[in-house]
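Chain by chain, the residues run as shown.
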Amino acid sequence: MKPIKVLITGAAGRVGMPLVYRVSAGDLFGLQQPVELQLLEIESMLPNLEGEVMELRDCAFPLLKDVTITSDLETAFGDIDVAFMVGASPRKKGMERKDLLEANGKIFPAQGKALNDFADKDVKVIMVGNPANTNALIVSKNAPDISPKQITSMSRLDHNRALSMLAQKTNAYVSDIKRVAIWGNHSPTQYPDLSHAIVHGKRALDLVGDDWYRDTFITGVQNRGTEILKHLGVSSSISAAICTIKHFKSWHYGTNNGDWVSKGVYSMDNPYGIDEELFFSFPVICDEFGISIVENLKIDDFSMQMIKATEKELIAERDVVKHLL
Ligand code: NAD
Ligand code: LMR
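Bear in mind that the values here come from a model prediction, so they are computed numbers and not experimental data. (Residues numbered from 1 in each chain as written. Chains lettered and ligands numbered in written order. Predicted model: local features only at pLDDT ≥ 70, side-chain atom pairs only at ≥ 80, totals over all residues. Heavy atoms only, no water.)

(A) Spatial organisation of the nonpolar core. Formed by 75 residues in total, the largest nonpolar core has its most connected members in V6, I8, L37, F84, L166 and W183. Here this core gathers at least three residues from each of two domains, domain 1 (4–153) and domain 2 (156–320). The contacts of W183, once residues within four sequence positions are left out, are Q190, Y191, D193, Y272, F280, S281, F282, P283, L297, I299, I307 and T310. By size, the runner-up hydrophobic cluster in this structure holds 27 residues, among which are F77, A83, M127 and I138. (Core = buried A, V, L, I, M, F, W, Y, C linked by side-chain atoms within 4.5 Å. Buried < 20%, exposed > 50% of the residue type's maximum accessible area, 1.4 Å probe, protein only. Domains from an automatic or database assignment. Contact = heavy atoms within 4.5 Å.)

Pasting the structure below:
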């Protein structure tokens, strides 16, 4: 079987490395499909990455056909089928993710061009590096030959945080819950929406009450990354790597169980009146035709107010990087 080529940028980092192991172990495409890894790092990290890859090879993963380590964009992006764009600085205590915009944003015009020029034309891209939504926009605008529908930003970590908090509150399993949605930015303005969610077939908001929803749940999901940073001194890593895999798998295999997931997608032609030139997290379903935003959801006044606040922040982020688009 022909190996699938997977690019991981920032491969020596705290999110990149667990991702490298999970992809090598077959977590992405199952236990029959070989993979080839193309690992991009900044030049000063290459010796370190080489050591990491020695360890990786020592695992003798049966599906791992080849590993390339490089700081060269043409080599890294050459013929890739999947791009996990992780390589970017993480925030430190006291920072918001948008404070990374200046430092990280300038990484992505060149990587967008490399994606455009060297990747397989059907490549699927997942932006993880923060601020993820706006970095995805920069990549997309610099890759005019790749459809924006092939580029996504990750809000799956927020989605899973929401699932987990609701499961704990209702004493349910995560698998009992459907139709949680994350709207907007991967930031504290995101709107984790339970107004359509069901737990064991019952309306989630009837189970948890409005006070818990508004005062504990929403702020809890919005600020979870900051809380982790406060406790650990560094931002999330393993959960981010696992959610990157989950984000990709729901896209690749589809969401055919009556549920949806949340992904940052290009907002053109969206059914909710959101500015049409953003990467915005919506509830989506995935099938053989790609990713589609869930339509016809009733959006109440509170939800619309929350959605507009996060849209406003994304528009402001876009203004900051307009010279990179
Ligand atoms: P890290 O500092 O441990 O690793 C980042 C790696 O990227 C480093 O090894 C660095 O050398 C590399 N890098 C920097 N610039 C690069 C470039 N131009 N090309 C290739 N590699 C480059 O950081 P981390 O904890 O792994 O986090 C990586 C990014 O992912 C951060 O921006 C972080 O905020 C973000 N993140 C996003 C989510 C999410 O849910 N979207 C979750 C966790 C982390
Ligand atoms: C997260 O949500 O955990 C990541 O975006 C990392 C961060 O900066 O909080």
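Having seen the structure, we can now continue with the description.
(B) Structural view of helix α9 (residues 210–222). With 13 residues, α9 extends 17 Å between its outermost C-alpha atoms, agreeing within 8% with the 18 Å of an ideal straight helix rising 1.5 Å per residue. The sharpest bend along α9 measures roughly 25 degrees and falls at T216. Looking at the buried residues of α9, the elements they touch are α7 (156–170), β8 (181–183), β9 (191–193), α8 (204–208), α10 (224–232) and α12 (301–320). (Helix = DSSP H or I, 4+ residues; strand = E, 2+ residues; numbered from the N terminus. Expected span 1.5 Å × (residues − 1). Bend = angle between axes of the 7 residues up to and from the residue.)

(C) Broad picture of the site of ligand 1. The immediate surroundings of ligand 1 are formed by 25 residues, with R14, V15, E41, S89 and N130 found nearest. One of the side-chain nitrogen or oxygen atoms of N130 is found 2.8 Å away from an oxygen atom of ligand 1. When ligand 1 is considered free in solution it has 860 Å² of accessible area, and contact with the protein chains removes 87% of it. The site holding ligand 1 turns out to be the largest pocket. Considering only residue class, the shell around ligand 1 consists of 13 nonpolar, ten polar and two charged. No fewer than three residues from each of domain 1 (4–153) and domain 2 (156–320) sit in the shell around ligand 1. (Near = heavy atom within 4 Å. Polar contact = N/O pair within 3.5 Å; in protein donor to acceptor, adjacent residues only side chain to side chain. Areas by Shrake-Rupley, 256 points an atom, 1.4 Å probe, with all protein chains shown as cover. 1 Å grid on protein atoms, 1.4 Å probe; cavity = no way out; pocket = protein on both sides within 12 Å on 5 of 7 lines; lining within 4 Å. Sits in = over half its atoms within 2 Å of the grid points. Nonpolar A, V, L, I, M, F, W, Y, C, P; charged D, E, K, R; others polar.)

By themselves these figures say nothing about function.
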